[in-house]
Amino acid sequence: MAAPVIAEVAIQPEPEEQLPTVAGSPSVLVVDDAPVFLKATGLKLSRAGCTVLAAQDGPDAITIARTSNPDVIILDIGLPADVTVAWDGIRVMKWIKRMENGSAPPIIIVTAGTSAALKQNALDYGATAFFQKPLDHAKLLDAINKIVKQKSSAPGSAAAPKASLSLFTAGN
């Protein structure tokens, strides 16, 4: 009896996604309680030229936002509660928007939620953009590029209020 023939199959890696680069190497704080999302998004942002900071909960996000003053924040709405406070993304955004001297960075909301009311609520509280998961990284990087360009072209760019950025959304 002949030995079975085992076919060798060459597995080819998927071609790497071509993503836009981000001008000016902005610092981006990514806030999400899912480690896989943090790592994947952090890698994409890093490859695009961003300096990436990360937080897995509301209190850490606020601390990092105040101490590191990132150029942009990517914030999940569904964050876990800590011992005393339910820190959802809207509450975190409200706290960050109260930063001294109007220095709150633009906030991009990223969520698995699909409600139109959720999206409107986020925009009403000052989100600059809104994306649904699964995340389209190319569109996210385009949004970051727009934010960075608007900030750099604003009169007195470093001192320009970050809330003056125009709103745009992606997803439904």
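Here is what the cut-offs are and how they apply
Residues numbered from 1 in each chain as written. Predicted model: local features only at pLDDT ≥ 70, side-chain atom pairs only at ≥ 80, totals over all residues. Heavy atoms only, no water. Patch = residues over 30% accessible without salt bridge, like charges linked within 9 Å, V, L, I, M, F, W, Y side chains within 5 Å. Areas by Shrake-Rupley, 256 points an atom, 1.4 Å probe, with all protein chains shown as cover. Salt bridge = Lys/Arg side-chain N within 4 Å of Asp/Glu carboxyl O. Lys, Arg positive; Asp, Glu negative; His and termini not counted. Charge placed at Lys NZ, Arg CZ, Asp CG, Glu CD. Helix = DSSP H or I, 4+ residues; strand = E, 2+ residues; numbered from the N terminus. Buried < 20%, exposed > 50% of the residue type's maximum accessible area, 1.4 Å probe, protein only. Arc of directions from axis to C-beta. Polar contact = N/O pair within 3.5 Å; in protein donor to acceptor, adjacent residues only side chain to side chain. Contact = heavy atoms within 4.5 Å.

### Details of a positive patch on the surface
Okay, step 1: Where like charges cluster on the molecular surface, the positive patch consists of R66, R91, K94 and R98.
Okay, step 2: With respect to the helices, strands and loops of the structure, R98 is situated in the loop between α3 (89-97) and β4 (107-111).

### Remarks on helix α4 (residues 116-124)
Okay, step 1: For α4, the full list of buried residues reads K119, A122 and L123. Considered in projection along α4, the buried side chains sweep an arc of 95° and stay on one side of the axis. Seen from the open side of α4, the exposed residues pointing more than 90 degrees away from its buried face are A117 and D124.
Okay, step 2: Measuring from the backbone nitrogen of A117 back to the side-chain oxygen at the start of α4 gives 3.1 Å, which picks out S115 as the cap.

### Details of the side chain of D32
Okay, step 1: Within the secondary structure, D32 sits in the loop between β1 (27-31) and α1 (35-47).
Okay, step 2: In this structure the side chain of D32 is engaged in a polar contact, spanning 2.8 Å, whose partner is the backbone nitrogen of A34.
Okay, step 3: For D32, the side chain forms a polar contact with the side chain of K133, separated by 2.7 Å.
Okay, step 4: In this view, D32 contacts F37, L38, A55, Q56, D76, L79 and K133; residues no more than four positions away in its chain are not counted.

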